[in-house]
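A look at the structure
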Amino acid sequence: MTIAEIQEEIVDEFSMFDDWMQRYEYMIELGKSLPLIDESYKTEDNIIKGCQSKVWVHAELEDDKLVFTADSDAIITKGIIAILIRAFSNQKPQEIIDANTDFIDEIGLKEHLSPTRANGLVSMIKQLKLYAVAYQTQLN
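Computed from a predicted structure; not experimentally measured. Position numbers for residues start from 1 in each chain and track the written sequence from start to end. Given that this is a predicted model, residues contribute local features only at a pLDDT of at least 70 and side-chain atom pairs are listed and counted only at 80 or more, while totals for whole chains, interfaces and linings are drawn from all residues. Derived side-chain values reflect all non-hydrogen atoms in the structure, with water molecules and hydrogen atoms excluded from consideration.

Overview of the pattern of salt bridges
Where we set the bar: The working definition used for a salt bridge is a side-chain nitrogen of Lys or Arg within 4 Å of a carboxyl oxygen of Asp or Glu.
For the coordinates displayed, the defined rule picks out seven salt bridges. Shared partners join several salt bridges into a network, and the residues in it are Glu39, Lys42, Asp71 and Lys78.

Here it is, written out as C-alpha cells:
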C-alpha cells in the first residue's frame, strides 16, 4: 500500500468513532501493537527532541525501504507514534519525504492534544522525515 492509501485507511478507522474518548482508547490500542524498538536503541541519540514524554525511534533500510521501530513511556504518545509508523514504515525514503501529513488534521488529532503533545507530534513527524532524508542521501 502507498502512504496515501494507508493514511486514508487510518482516517476511515478514526471516523468510525463517535467521540474523542473512543478515539483515545483506539490510539492506546494501536500503541500496544507498535513494532517495539530493540532495547539497545533506547539511547539519547534515538530520543525525539521536543516531546514531553520519552519517545525513541529507530530506522533501518531494508530492500530500499525504511523500517521504523519505536517506543514511548506514555500510552497516548505510544499511540501517536504507532499511527505515524504505520503510515511511513516499509516505504521508500523519497516517498516519506514527499508525503503530506494532512491525514493528522483529518482525524482531528492535533486539535485534541495538549499544546505540548501537539508539539511532540510535529517533532515525531519531523524526525521520521529526517531519517528519510538521511537514508535517501545514502541511496543517491
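Some points on the nonpolar core
Under the convention used in this document: The nonpolar core is taken to be a set of buried Ala, Val, Leu, Ile, Met, Phe, Trp, Tyr and Cys residues, with the residues joined through side-chain atoms within 4.5 Å. Accessible area is worked out with a 1.4 Å probe on protein chains only. A residue is then buried under 20% of its type maximum, exposed over 50%, and partly exposed in between. By definition, any uninterrupted DSSP run of H or I lasting at least four residues is a helix, any uninterrupted run of E lasting at least two residues is a strand, and each is numbered from the N terminus. Contact between two residues is taken to exist if any of their heavy atoms lie within 4.5 Å; hydrogens are not considered.
Formed by 42 residues in total, the largest nonpolar core has its most connected members in Val57, Phe68, Ile81, Leu84 and Phe88. Among the elements of the structure, helix H1 (3-15), helix H2 (20-32), strand E1 (55-62), strand E2 (65-72), helix H3 (75-88), helix H5 (102-106) and helix H6 (115-139) are those that each provide at least two residues to this core. Per-element tally for this core: the top contributor is H3, with nine residues. Residues contacting Ile81, with those up to four places away along its chain left out, are Leu34, Ile48, Val55, Val57, Ala70 and Met124.

Overview of the packing of H2 against H3
Under the convention used in this document: The axes are straight lines fitted to the C-alpha atoms, using for helices just the contacting stretch, and the angles between their N-to-C directions are given from 0 to 180°. Throughout, the term roughly parallel applies to angles under 35 degrees, roughly antiparallel to angles over 145, roughly perpendicular to angles from 65 to 115, and oblique to all others.
With their axes 7 Å apart at the nearest point, H2 and H3 run at an angle of 70 degrees to one another. Taken together, the axes of H2 and H3 are roughly perpendicular relative to one another. On H3, the residues touching Tyr24, Tyr26, Met27, Ile28, Leu30 and Gly31 of H2 are Ile75, Ile76, Lys78, Gly79, Ile80, Ala82, Ile83 and Arg86.

Description of the environment of Ile104
Checked against the element boundaries, Ile104 lands in helix H5. Note on Ile104: relative accessible area 1%, which makes it buried. Distance in space between the C-alpha atoms of Ile104 and Leu121 is 9.4 Å, their sequence separation being 17 residues. Residue contacts for Ile104: discarding those within four places in its chain leaves Leu84, Leu109, Lys110, Leu121 and Ile125.

Some remarks on the pairing of E2
Note the following rule: Pairing between two strands is assigned when DSSP locates at least 2 bridges connecting them.
Counting buried positions along E2 yields seven of eight residues, so the element is predominantly enclosed. Pairing of E1 with E2, which is carried by eight bridges, proceeds in the antiparallel orientation. Across the sheet, residue Glu60 finds its bridge partner in E2, namely Val67. Between E1 and E2, which pair antiparallel and follow one another directly, the connecting turn spans two residues, one of which, Asp63, has a positive phi of 50 degrees.

Re H2
For the record, the criterion: To estimate the expected span of a helix, count its residues, drop one, and scale the result by 1.5 Å. This arc corresponds to the set of directions leading from the helix axis out to the C-beta atoms.
For H2, with 13 residues, the first-to-last C-alpha span of 18 Å sits near the 18 Å given by 1.5 Å per residue. What H2 keeps buried is the set Trp20, Arg23, Tyr26, Met27, Leu30 and Gly31. For H2, the arc enclosing every buried residue in end-on projection is 145 degrees, short of the 170-degree limit, so these residues lie on one face. Turned more than 90 degrees from where H2 packs its buried face, Met21 and Lys32 sit exposed.

So, unusual backbone geometry
In this structure, Asp64 is a non-glycine residue whose phi angle is positive, near 65 degrees. Along the chain, Asp64 falls in the loop between E1 and E2. Residue classification places Asp64 among the partly exposed positions, given a relative accessible area of 42%. With phi around 65 degrees, Asn90 is a residue other than glycine that occupies positive phi space. Judged by its relative accessible area of 47%, Asn90 is partly exposed.

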